[in-house]
Structures are given as structure tokens and as C-alpha cells.
Amino acid sequence: MYLTRFGSIIYLVHRRDALRASKIMAERAFAHTKIKPIWDSVVTEVLDIKQDKVTGVRLRNLKTKAESVVDCAGVFVAVGLIPNTHLFKGVINMDESGYIIPREGAATNVPGVFVAGDCTDRVYRQAVTAAGLGCAAAIEAERYLAARNE
Ligand SMILES: Cc1cc2nc3c(=O)[nH]c(=O)nc-3n(C[C@H](O)[C@H](O)[C@H](O)COP(=O)(O)OP(=O)(O)OC[C@H]3O[C@@H](n4cnc5c(N)ncnc54)[C@H](O)[C@@H]3O)c2cc1C
């Protein structure tokens, strides 16, 4: 929706035939005259790196295997959600997807390390929930330090 302010057409390339986005956001996007969905497709190449600028993308339709080229002046990638927690793998407890598992409140299995935000929240992942968890982690960190007289 934001990109429609700058482009004449926004192609939304998606590998399936429907979005997982909230219904209201999907409806809003598809009601927009500038947004054209391209279903069942993936980008296989950004053109044209040799020219040092974007002139288009090569697409492959996953159902028909057909290849096509769509002219465009920019590419914006938004694929999936992977918590950036691999740095702590083997030290801080996390689930198989990399979401940190708090032990109690915002505490982790490592004393003095607290967790907040999307990296521990595989359900809501919203600004307001992240901010709330941040507040909880800050309070717990303060209590932890106070208990140690630091
Ligand atoms: C397209 C989009 C639309 C959204 N729309 C909404 C909305 O309308 N309403 C809403 O409530 N929420 C929305 N969200 C979700 C919201 O942005 C997140 O829930 C929120 O930003 C999570 O906050 P966070 O602090 O946990 O993580 P982030 O905001 O992701 O902050 C993590 C920070 O850590 C930094 N970082 C990562 N790795 C390292 C490292 N190794 N070293 C140092 N720094 C590092 C990152 O650069 C980043 O600054 C949207 C998200 C997206 C992607």
C-alpha cells in the first residue's frame, strides 16, 4: 500500500494463490487500482544486474512452470519471518524455528538475560505487544540488578 504512493503499478508476486495477510489488509490491497497480484509465482532473477539497475524481474509460475518477464523499476522483498536469534543458538533456549523460549516472564535460561519482542512471539508479532514485552523485560532487568545491589 505504501509503495503505491511512488509507483504507477505495484506487482505483488506471491508463490501461492492467496495471501496469509489479515483479510482487511488483503481486501484493501486488492481494491487498490495500482496493485496487481501475480499468483503462484516466484522471482527467479532480477534484471538487469549488468546494467547496474533494475529493469524487470524474471518470474516462474509454480503451477504451469511457465517463465515470463515483467518490466519494473524496483524490487522489494518481503518473504517469511525468521527470528534473528541464531547468534544465541545453543546458549539461550529457543524452539525449532528460533523463537526464544522465556523461562519465567521475560527471563531466559541464562541469568541476567531477558527477552522481549517478536523474537519470542510467534503468535502476535505486533508493535504494541513487542513494546509491552520490552517494558516487562526492562522491569525484570531492573529487579535483577537491584537484587544484586548493582
Ligand atoms: C511490513 C510490516 C508491517 C507491520 N505492520 C504493523 C502494524 O501495522 N502494526 C503493528 O503493531 N505491528 C506491525 N508490524 C510488526 C512490528 O513491526 C513488529 O512487531 C515490531 O517491530 C517488533 O519489534 P521488535 O523490537 O521485537 O523487533 P524489530 O522492530 O524487528 O527490532 C529488532 C531490532 O534488532 C536489530 N537487530 C537484529 N539483529 C541484530 C544484531 N545481531 N545485533 C544488533 N541489532 C540487531 C534490528 O536491526 C532491529 O532494529 C509490521 C511488521 C512488518 C514487517
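Predicted, not measured: the structure shown is a model, and the values here were computed from it. (Residues numbered from 1 in each chain as written. Predicted model: local features only at pLDDT ≥ 70, side-chain atom pairs only at ≥ 80, totals over all residues. Heavy atoms only, no water.)

**As for the side chain of H14**
The condition is simple: Secondary structure elements are taken from DSSP: a helix is a run of H or I of four residues or more, a strand is a run of E of two residues or more, and numbering for both begins at the N terminus. Think of it in three bands: with a 1.4 Å probe and only protein chains considered, a residue is buried below 20% of the maximum accessible area for its type, exposed above 50%, and partly exposed in between. Any pair of residues with heavy atoms lying within 4.5 Å of one another is described as a contacting pair.
With respect to the helices and strands, the residue H14 is situated in the loop between β1 (10-13) and α1 (23-31). By relative accessible area, H14 is classed as buried at 18%. Here H14 is in contact with L19, I38, W39, D40 and S41, once residues within four sequence places are set aside.

**Points about the site of the ligand**
Definition in use: Throughout, near means a residue has at least one heavy atom within 4 Å of the molecule or strand. Whenever two N or O atoms come within 3.5 Å, that pair is a polar contact, provided that in protein one can donate a hydrogen and the other can accept it, and provided that, for residues adjacent in sequence, both atoms are side-chain atoms. A 1.4 Å probe and the Shrake-Rupley method give the accessible areas. Residues count as covered only by the protein chains that appear here.
Lining the immediate surroundings of the ligand are N84, G117, D118, R125, Q126, A127, V128 and A130. Between the ligand and N84, the relevant distance is 3.0 Å, taken from a nitrogen atom to a side-chain nitrogen or oxygen of the residue. Q126 is positioned with one of its side-chain polar atoms (N or O) 3.1 Å from an oxygen atom of the ligand. Relative to its unbound accessible area of 1000 Å², the ligand is 27% covered by the protein chains.

**A few points about the domain arrangement of the protein chain**
Interfaces are frequently sized by the accessible area removed from exposure as the parts join. As a reminder of what qualifies: Domains are outlined according to an automatic or database domain assignment.
Domain annotation for the protein chain reports domain 1 (2-71) and domain 2 (86-147). Computed over C-alpha atoms, the centres of domain 1 and domain 2 are 35 Å apart.

**Side note on the nonpolar core**
Rules: Within this scheme, the nonpolar core is defined by two criteria: the residues are buried Ala, Val, Leu, Ile, Met, Phe, Trp, Tyr or Cys, and they are joined through side-chain atoms within 4.5 Å.
With five residues, the main nonpolar core is built from I38, V57, L59, V70 and C72. Not counting residues within four places of it along the chain, the set of residues in contact with L59 comprises V13, I38, V42, V43, T44, A66, E67, S68 and V70.

**Looking at the sheet that holds strand β4 (residues 56-61)**
Rules: Paired strands, as defined in this entry, are two strands with at least two bridges between them according to DSSP. The convention used is that axes are lines fitted to C-alpha atoms, helices contributing only their stretch in contact, and that angles between N-to-C directions extend from 0 to 180 degrees.
The strand order across the open sheet formed by three strands is β3-β4-β5, and the pairing between neighbours is antiparallel. Sheet topology places β3 (41-47) and β5 (67-71) at the edges, where each strand pairs with a single neighbour. Neighbour-to-neighbour, the strand axes of this sheet turn through a mean angle of 30 degrees, independent of strand direction.

**Observations regarding the pairing of β5**
When β4 meets β5, the two strands line up antiparallel, connected through five bridges. Residue V57 lies in a different strand from β5, and its bridge partner there is V70. Here β4 folds back onto β5 in antiparallel fashion, the turn holding five residues, of which K65 has a positive phi close to 65 degrees.

**Concerning the packing of aromatic side chains**
Rules: Within 6.5 Å between ring centres, the rings of Phe, Tyr and Trp (the latter by its six-membered ring) count as paired, and their orientation is classed by plane angle as stacked under 30 degrees, edge-to-face over 60, tilted in between.
For the structure on display, the rule yields three aromatic pairs. With 5.3 Å between their ring centres and 65 degrees between their planes, Y2 and F6 make a pair best called edge-to-face. Neither residue differs from the other here; Y2 and F6 are each classed as exposed. Relative to Y144, the ring of F114 lies with its centre 5.9 Å away and its plane at 75 degrees, an arrangement referred to as edge-to-face. With F114 in the loop between β5 and α2 (127-147) and Y144 in helix α2, the pair connects residues that are 30 residues apart, well separated along the chain. When its relative accessible area of 23% is taken as the criterion, F114 is described as partly exposed. Classification of Y144 by relative accessible area gives partly exposed; the value is 26%.

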